[in-house]
Amino acid sequence: LNPRSIERAYQQLEQLGVLATRAGEGTFVSLNAPDGETRERWVKLDHICREAASQAGALGFTIDDLIDALVDLRVPRNLEHDSPRQE
């Protein structure tokens, strides 16, 4: 498994309220269940992600390509280099 994938899984589980992290102590299963609204939002996001992955795959892109493209959306682009990533 890719360590980044594990890190993302932990982050998602923490955002869902399933895990709780305590500095210096570790990560534990949370005793507080996430509320229905939070669960519903994550279900919708999961659907969006699966649909995007499916469409990207149909175009010949990998999940890693999709993740890279999403990360690029988060980082302000230099206007001089506003073209898609070339590899």
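Every value quoted in this text rests on a predicted model; they were computed, and no experiment measured them.

### Comments concerning the packing of aromatic side chains
For step 1, the next point in the chain: Under the defined criterion, the tally for this structure stands at zero aromatic pairs.
For step 2, the next point in the chain: Across from the ring centre of Phe 28, 4.6 Å away, lies the NZ or CZ of Arg 22, which sits over that ring.

### Structural notes on the pairing of strand β2 (residues 26-29)
Looking along a regular strand, one sees the side chains alternate between the two faces of the sheet.
For step 1, the next point in the chain: Here four bridges tie strand β1 (residues 19-22) to β2, and the two strands are oriented antiparallel to one another. Bridging across to β2, Thr 21 finds its partner in Thr 27.
For step 2, the next point in the chain: With antiparallel pairing between neighbouring strands as the criterion, β1 and β2 make up a hairpin whose turn holds three residues, including Gly 24 at a positive phi of roughly 80°.

### A word on the pattern of salt bridges
For step 1, the next point in the chain: Enumeration according to the criterion identifies three salt bridges in this entry.
For step 2, the next point in the chain: As a salt-bridge pair, Arg 22 and Glu 25 come within 3.5 Å of each other at their nearest N and O atoms.
For step 3, the next point in the chain: Taking the relative accessible area as the measure of exposure, Glu 25 reaches 55% and is therefore exposed.

### Points about the environment of Glu 14
For step 1, the next point in the chain: Along the chain, Glu 14 falls in helix α1 (residues 3-15).
For step 2, the next point in the chain: Between the alpha carbons of Glu 14 and Pro 34 there is a distance of 10.0 Å; along the sequence they are 20 residues apart.
For step 3, the next point in the chain: Leaving out residues up to four positions away in the same chain, Glu 14 has contacts with Leu 19 and Thr 21.

### Structural notes on a nonpolar patch on the surface
For step 1, the next point in the chain: Taken together, the side chains of Leu 1, Ile 6 and Tyr 10 present a nonpolar region at the surface, about 380 Å² in accessible area.
For step 2, the next point in the chain: Relative to the assigned elements, Leu 1 resides in the segment before α1.

### Quick notes on the environment of Asp 35
For step 1, the next point in the chain: With respect to the helices, strands and loops of the structure, Asp 35 is situated in the loop between β2 and α2 (36-58).
For step 2, the next point in the chain: C-alpha separation for the pair Asp 35 and Leu 16, spaced 19 residues apart in sequence, amounts to 8.9 Å.

### Details of the environment of Ala 20
For step 1, the next point in the chain: Turning to its location among the elements, Ala 20 is positioned in strand β1.
For step 2, the next point in the chain: Take Ala 20: its relative accessible area is 27%, and that puts it in the partly exposed class.
For step 3, the next point in the chain: Measuring from C-alpha to C-alpha, the distance between Ala 20 and Tyr 10 comes to 9.5 Å, with 10 residues separating the pair along the chain.
For step 4, the next point in the chain: In this view, Ala 20 contacts Gly 26, Thr 27, Phe 28 and Ser 30; residues no more than four positions away in its chain are not counted.

About the thresholds
Residues numbered from 1 in each chain as written. Predicted model: local features only at pLDDT ≥ 70, side-chain atom pairs only at ≥ 80, totals over all residues. Heavy atoms only, no water. Phe/Tyr/Trp six-rings, centres within 6.5 Å; stacked < 30°, edge-to-face > 60°. Lys NZ or Arg CZ within 6 Å of the ring centre and 35° of its normal. Pairing = 2+ DSSP bridges. Helix = DSSP H or I, 4+ residues; strand = E, 2+ residues; numbered from the N terminus. Salt bridge = Lys/Arg side-chain N within 4 Å of Asp/Glu carboxyl O. Buried < 20%, exposed > 50% of the residue type's maximum accessible area, 1.4 Å probe, protein only. Contact = heavy atoms within 4.5 Å. Patch = residues over 30% accessible without salt bridge, like charges linked within 9 Å, V, L, I, M, F, W, Y side chains within 5 Å. Areas by Shrake-Rupley, 256 points an atom, 1.4 Å probe, with all protein chains shown as cover.

Remember that the coordinates give geometry; whether it matters functionally is a separate question.
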